[in-house]
Structures are given as C-alpha cells and as structure tokens.
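# Structural features, examined
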Amino acid sequence: MVGYLNLILRLSIWFLLTANFSWQNIIIGIIVAFLLPGLQRTPVVLKDWLRVFREILVAIPQAYMEAFQIMLRPHNEEDITMERVKSHRTPTLIFIDIFLITFTPKTIVVKYHEDGWYEVHWVRRRKNQ
C-alpha cells in the first residue's frame, strides 16, 4: 500500500512538472517513477501517510488565509528559526514536510540539516502594528 503512495507522489510531481496528461506522458511518467531510486527501500508507516494527507488538507486553506493577510496588512519582520524534524521520518516524508512548510506564503525552508533540523524563514507582522 505504501509503495503505491510513493508511486502516486512521484507521478503527481511528474504531472506538476510537465502539465501534460496525454497517454504518452502518463507512460513516460510511470517509467520515470519506477526508475527513480529508493521506491522500495524506505519503510513507511501508513499512519504517517494519513497524517501527511491531513496536514495537506489543512495547509491549503492556511495558504490562502496567509496570502490574504499579507495583501491586507504589511508583514515587515523577518525571522529564521530552527525546527526539529518529526521523529522516524523517511526521506519521502521529509520532502513532503519541506514542501508543506514552503507551500504557505509566510514560510520557506532555507536549509535542511542532516542531523534532523529545518532552517525556516518566516515573514511576520510587527508586534506593535
């Protein structure tokens, strides 16, 4: 089951990159998804994938809300924080975590540290505004 989720993630990224849903591109995407390394090597718990899907559903409206906040009120403060990677994350789930952090307009992952930390750049409103 989890192998299928990895395959779906790879195909989704392929279709986002190519923006082409012809049957030839679908076949090429499937071939590329299978040729990429690491499809079967990393054990993933289904519970972690379900948590990620829930986080994706929360991130979409949050991204819209943050975009409107930035448009309506200026955000002049910048900050860089270190955030800990959740325990027992596979490389695929770490990639999705970085994508979700970067998906929202107020945050972006500047660097991933191999010892389990993200460097996150934040755009915030000043406290006195």
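Residues numbered from 1 in each chain as written. Predicted model: local features only at pLDDT ≥ 70, side-chain atom pairs only at ≥ 80, totals over all residues. Heavy atoms only, no water.

An unreviewed UniProt entry lists the chain under the name Na+/H+ antiporter subunit E, from Floridaenema flaviceps BLCC-F50.

### Notes on the environment of Trp122
With respect to the element layout, Trp122 can be found in strand β3 (residues 117-124). By relative accessible area, which is 24% here, Trp122 ends up partly exposed. Considering only alpha carbons, one finds Trp122 and Glu77, 45 residues apart in sequence, at a separation of 8.1 Å. Setting aside chain neighbours within four positions, we find Trp122 in contact with Glu77, Glu78, Asp79, Thr81, Glu83, Lys106 and Thr107. There is a polar contact of 2.9 Å between the side chain of Trp122 and the side chain of Thr81. (Helix = DSSP H or I, 4+ residues; strand = E, 2+ residues; numbered from the N terminus. Buried < 20%, exposed > 50% of the residue type's maximum accessible area, 1.4 Å probe, protein only. Contact = heavy atoms within 4.5 Å. Polar contact = N/O pair within 3.5 Å; in protein donor to acceptor, adjacent residues only side chain to side chain.)

### Description of the UniProt feature "transmembrane region" (unreviewed entry) in the chain
Under the UniProt annotation, "transmembrane region" (unreviewed entry) lies at residues 12-36. End C-alpha atoms of residues 12-36 are separated by 14 Å, and the span's content is 80% helix alongside 0% strand. (UniProt positions renumbered as here; feature names shortened; annotations may be inferred.)

### Here we look at the pattern of salt bridges
A full pass over the atoms with the stated rule returns 3 salt bridges. A salt bridge links Glu55 to Lys86, with the nearest nitrogen and oxygen atoms 2.7 Å apart. In this pair, Glu55 sits in helix α3 (residues 46-72) while Lys86 sits in the loop between β1 (77-84) and α4 (91-103), placing the two residues 31 residues apart along the sequence. Taking relative accessible area as the criterion, Lys86 reaches 39% and is therefore assigned partly exposed. (Salt bridge = Lys/Arg side-chain N within 4 Å of Asp/Glu carboxyl O.)

### A word on the nonpolar core
Residues Leu5, Leu9, Trp49, Val52, Ala59, Leu93, Ile96 and Leu100 constitute the largest nonpolar core, which totals 8 residues. Going through the elements one at a time, α1 (2-18), α3 and α4 are the ones with two or more residues in this core. Residues Ile94, Ile101, Val109 and Val120 belong to the second largest nonpolar core, which totals 6 residues. (Core = buried A, V, L, I, M, F, W, Y, C linked by side-chain atoms within 4.5 Å.)

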